[in-house]
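# Secondary and tertiary structure notes
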Amino acid sequence: MAATLRRFFDSDLWWSFTRSPVTMLSAVVALICILGALFAPWLAPHNPFDLASLNLLDAFKPPSWTEEGEAQYLLGTDDQGRDVLSAIMYGARVSLLVGLSATIFATTLGVTLGLLAGYLGGKLDALLMRICDVQLTFPSILVALLIDGVVRAALPREVHDQIALFVVIFAIGISEWPKFARTVRGSTMVERNKEYVQAARVIGVSPPRIMLSHVLPNVMGPVLVIATLNLGLAILSEATLSFLGVGVPATQPSLGTLIRIGNDFLFSGEWWITIFPGITLIAMVLSVNLLGDWLRDALNPKLR
Amino acid sequence: MSDTPMLELCDAARYFDVSRPALQRLIAGEGKRILRAVDGVNLSVPKGTTLSLVGESGCGKSTVARLAVGLYRPSAGQVVFDGRDLAEARAASDQRRRMQMIFQDPYASLNPRWRVRDIVAEPMRAFGLLPNRAAEEARVAELLTQVGLSPLDGHKFPHEFSGGQRQRISIARALSSNPEFLVCDEPTSALDVSVQAQILNLMKELQSRMGLTYLFISHNLAVVRQVSDRIGVMYLGRIAELAPAESLFRRPRHPYTRALMEAIPDLDMTGRVRIPVGGEVPSPITPPTGCAFHPRCSLAGPRCKAERPELKPAGDAMVACHAVEEGRD
């Protein structure tokens, strides 16, 4: 373990990390967001789901640094007297969960299909790429809306509420896979004709092994970058869906839900209810994207 | 050692379909376009010897190399490896182990994400030749030393090496499965002249030490002269002349071989007027009728336009030329 850690701190990756202040800042911001979301039940000052602890008299308290603010509600409270900071921490949990799962789902699906299409070619390739083409003509949020709508209409309400989270993950994941498939297919077609792949074929290494051990590591660079950028996008998609009221169920509010709810009070002057979830969303997405950007440069052996 | 040749090509051919997509073809009203990269090649490589193939770009040398290791299947004819059909032999891993290939571009032939020791060990792992990690490490070190690198280089990545060093790594990988037959597809053409000599000497030394058989592809006559026992001159997917190395250089018979020899820079010939070969290499999609070389040949007659010449013995060589056969040269 100690040796692994030492190797990591000696690596080029760590070196390039310490040379980039922007990256270090994004890492700190991303880490705060992730840790805050992950440990919300222990870190959050209040539990927004605990109805007994809510006091309607505390409703619409502004942030603590303003005149009417109270120290125990750092970012103010909403119309029910819920602490906004705590709601954000619990909401970011849902946002991150959906974003990560959707990205992992889209990456796995896209990379697998892209590898198969690029390496095997022929009819399979043509079929998969036409599906990609068709799907890319729609905005991905529309595809997600469509899937969500179909599931909503097909299933009774109680069932839907139970699986709503998975539906959102599936919908966002399905709407993003063509990007991965296209990128991986393109790089795979370049790599499969390179001589190191032919050398493996001369030895008689089986196609699945060649795809996994030779081609995959060489096409993963761009995938990693798209995946991190996509993580930001997926979080945004989820927020958009929730903002429109079709995303995660109302019992599990995400950042998007918080923004939607807060939006109703914006004109009456209670700006903190919607602005702080918004800022959190922006900080989370931006820091993740900047990290992805840095990762692309740092992992490219030709740029070292 | 038996008399069975290591590799035999019997009328082997490889065609590629380079047609445009079906719909476009239909609109333009044109038929399929077939590229005859290799069009009926006969040759055999006896064990322990080197056969070289030379020719201009696009004459089908590399396709022959890929046919010889089974990367392509022949469209017609047969490839025989040590007395067995190649496809059948390649189905058995103990036969597949006996053949290896060295590639032209040392920058593309090594996986950039793998460490050198993994690259060199890959064939051994694929064939399960070594019982454990320690034996593998020892063998990789031995192989790297054999090709003139340091055993410590195994921990590095390919991008840390020069072109010549990478080609040595390629050779080490090819040798790691103890092959008997190596197909070398222009192994030196991407290298500096000084490095070329080192690699060629290394390959010759390995051949004499391990009794390797080489099928050597090159477009460089000087390189070919240094390594070959026999040389085949290819033109547009067919063999024009097949002769022992020295005899080919001393007395080239086919008009195309002579034209190639003419093109070699030579101090003795300073000031002499050279006769260049006129014209371009014809397209292998629409090859000329009869002898493919007749549009550029000074000896071409009516028979050359009509009838395709076969390889026939002429002295100690085999020549595919009507003029040579008729004694018109």
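Residues numbered from 1 in each chain as written. Chains lettered and ligands numbered in written order. Predicted model: local features only at pLDDT ≥ 70, side-chain atom pairs only at ≥ 80, totals over all residues.

A count of helical and extended segments in chain B gives 13 helices and 12 strands. Its C-alpha atoms give chain B a radius of gyration of 21 Å, within 12% of the compact-globule value 20 Å for 329 residues. When its C-alpha atoms are laid out on the principal axes, chain B stretches across 70 × 60 × 40 Å. Each of the 329 residues in chain B was classed as buried or not, and the buried ones make up 43%. Pairs at least 24 apart in sequence give 67% of the contacts found in chain B among residues at least 6 apart. (Helix = DSSP H or I, 4+ residues; strand = E, 2+ residues; numbered from the N terminus. Rg over C-alpha atoms; globule rule 2.2 N^0.38 Å. Buried ≥ 20, exposed ≤ 12 C-beta atoms within 10 Å, placed from the backbone. Contact = placed C-beta atoms within 7 Å.)

Scanning chain A for helices and strands turns up 12 helices and zero strands. The secondary structure elements of chain A, listed N-terminal to C-terminal, are α-α-α-α-α-α-α-α-α-α-α-α. For the C-alpha atoms alone, the extent of chain A along its principal axes is close to 75 × 50 × 30 Å. Counting over 304 residues, chain A shows a buried share of 43%. Across chain A, the fraction of contacts at a sequence separation of at least 24, relative to all contacts at a separation of at least 6, is 70%.

In this structure, Val168 of chain A together with Ala68, Val120, Leu215, Val233, Tyr235 and Ile239 of chain B are the most contacted members of the largest nonpolar core, which totals 159 residues. Take this core: its biggest share by element is 18 residues, from helix 5 (residues 84–120) of chain A. Not counting the four nearest positions on each side in its chain, Val233 of chain B is found in contact with Val54, Gly55, Ile239, Ala240, Glu241, His254, Tyr256, Thr257 and Leu260 of chain B. (Core = buried A, V, L, I, M, F, W, Y, C linked by C-beta atoms within 7 Å.)

Residues and elements named next belong to chain B. Secondary-structure assignment places Gly70 in the loop between helix 2 (61–69) and strand 4 (76–81). The spatial distance from the C-alpha of Gly70 to the C-alpha of Pro123 is 16 Å, given a sequence separation of 53 residues. The residues contacting Gly70, other than those within four sequence positions of it, are Leu86, Ala87 and Arg90.

Residue and element names in this part refer to chain B. Counting buried positions along strand 10 (residues 238–244) yields six of seven residues, so the element is predominantly enclosed. Two elements, strand 9 (residues 230–235) and strand 10, share six bridges in a ladder whose sense is antiparallel. In the strand pairing of strand 10, Val233 is matched with Glu241. The antiparallel hairpin formed by strand 9 and strand 10 contains two residues in its connecting segment, where Leu236 sits at a positive phi of about 50°. Relative to strand 12 (residues 317–319), strand 10 runs antiparallel, the two sharing two bridges. By the bridge assignment for strand 12, Glu241 is matched with Val319. (Pairing = 2+ DSSP bridges.)

A few words on the sheet that holds strand 10 of chain B. All names here are of chain B. On the basis of which strands lie adjacent, the open sheet formed by eight strands has the order 6-7-8-3-9-10-12-11 and mixed pairing. A single partner strand is all that each edge strand has here, and the edge strands are strand 6 (99–102) and strand 11 (312–314). With direction set aside, neighbouring strand axes in the sheet form an average angle of 20°. Each of strand 6 and strand 7 (181–185) is contacted by helix 7 (residues 163–175), which is oriented at about 175° to strand 6, the strand it contacts most. (Axes fitted to C-alpha atoms, helices over the stretch in contact; angles between N-to-C directions.)

Another aspect to go through is the interface of chain B and chain A. At the interface, 21 residues of chain B touch 15 residues of chain A. With three residues, the single largest contributor to the side of chain B that touches chain A is helix 5 (residues 116–127) of chain B. Among the residues making up the side of chain B that touches chain A, the classes are represented as 10 nonpolar, five polar and six charged. (Nonpolar A, V, L, I, M, F, W, Y, C, P; charged D, E, K, R; others polar.)

Now for the confidence of the model for chain B. Put simply, chain B has an average pLDDT of 88, and 97% of its residues get 70 or more. Reported confidences for the modelled complex are a pTM of 0.81 and an ipTM of 0.86. (pLDDT = per-residue confidence, 0-100.)

We now examine the pairing of strand 4 of chain B. All names here are of chain B. In the sheet, strand 1 (residues 7–17) pairs with strand 4 via five bridges, with the strands oriented antiparallel. Residue Ala13 lies in a different strand from strand 4, and its bridge partner there is Ala76. Examined bridge by bridge, strand 4 and strand 5 (residues 84–85) share two bridges and lie antiparallel to one another. Pairing of Phe81 across the sheet is with Arg84, part of strand 5. The hairpin formed by strand 4 and strand 5 contains two residues between the paired strands, and Asp82 there has a positive phi angle of roughly 50°.

To continue, consider the sheet that holds strand 5 of chain B. Strand-to-strand pairing in sheets goes through backbone hydrogen bonds, with the strands running parallel or antiparallel. All names here are of chain B. Strand order across the open sheet formed by four strands is 2-1-4-5, with antiparallel pairing between neighbours. Pairing within the sheet leaves two strands with one partner each, and these edge strands are strand 2 (34–45) and strand 5. Running at roughly 60° to strand 2, helix 2 makes contact with strand 1, strand 2 and strand 4 of the sheet.

Before going further, it helps to examine unusual backbone geometry. Residue and element names in this part refer to chain B. With phi around 50°, Asp11 is a residue other than glycine that occupies positive phi space. By secondary structure assignment, the location of Asp11 is in strand 1. Using a count of 12 C-beta atoms within 10 Å as the deciding quantity, one classes Asp11 as exposed. The backbone of Glu186 sits at a positive phi, close to 45°, despite the residue not being glycine. When the 20 C-beta atoms within 10 Å are taken as the criterion, Glu186 is described as buried.

The next subject is the environment of Leu13 of chain A. For Leu13 of chain A, the position within the fold is in helix 2 (residues 12–18). Look at Leu13 of chain A and you get partly exposed, because 14 C-beta atoms sit within 10 Å.

This next bit is on the packing of helix 3 (residues 21–38) of chain A against helix 5 of chain A. In helix packing, the relevant descriptors are the interaxial angle and the interaxial distance, both defined with respect to the helix axes. All names here are of chain A. Packing of helix 3 against helix 5 leaves a shortest axis separation of 7 Å and a crossing angle of 105°. Relative to helix 5, the element helix 3 lies roughly perpendicular. Contacts from Cys33, Ile34, Gly36 and Ala37 in helix 3 reach Met89, Ala92, Arg93 and Leu96 in helix 5. Looking at the contact of helix 3 with helix 5 residue by residue, the classes come out as six nonpolar, one polar and one charged. (Parallel < 35°, antiparallel > 145°, perpendicular 65-115°, else oblique.)

Relative orientation of the contacting elements helix 5 of chain A and helix 8 (residues 157–192) of chain A amounts to 35°, with a least axis distance of 5 Å. Regarding helix 5 of chain A and helix 8 of chain A, the two cross each other, and that crossing is right-handed. (Left-handed = near helix turned anticlockwise from the far one by under 90°.)

Here we come to the confidence of the model for chain A. Overall, the predicted model of chain A reaches an average pLDDT of 87, with 98% of residues at or above 70. Per-element confidence in chain A is highest for helix 5 of chain A, whose mean pLDDT is 93, and lowest for helix 1 (residues 2–10) of chain A, whose mean pLDDT is 77.

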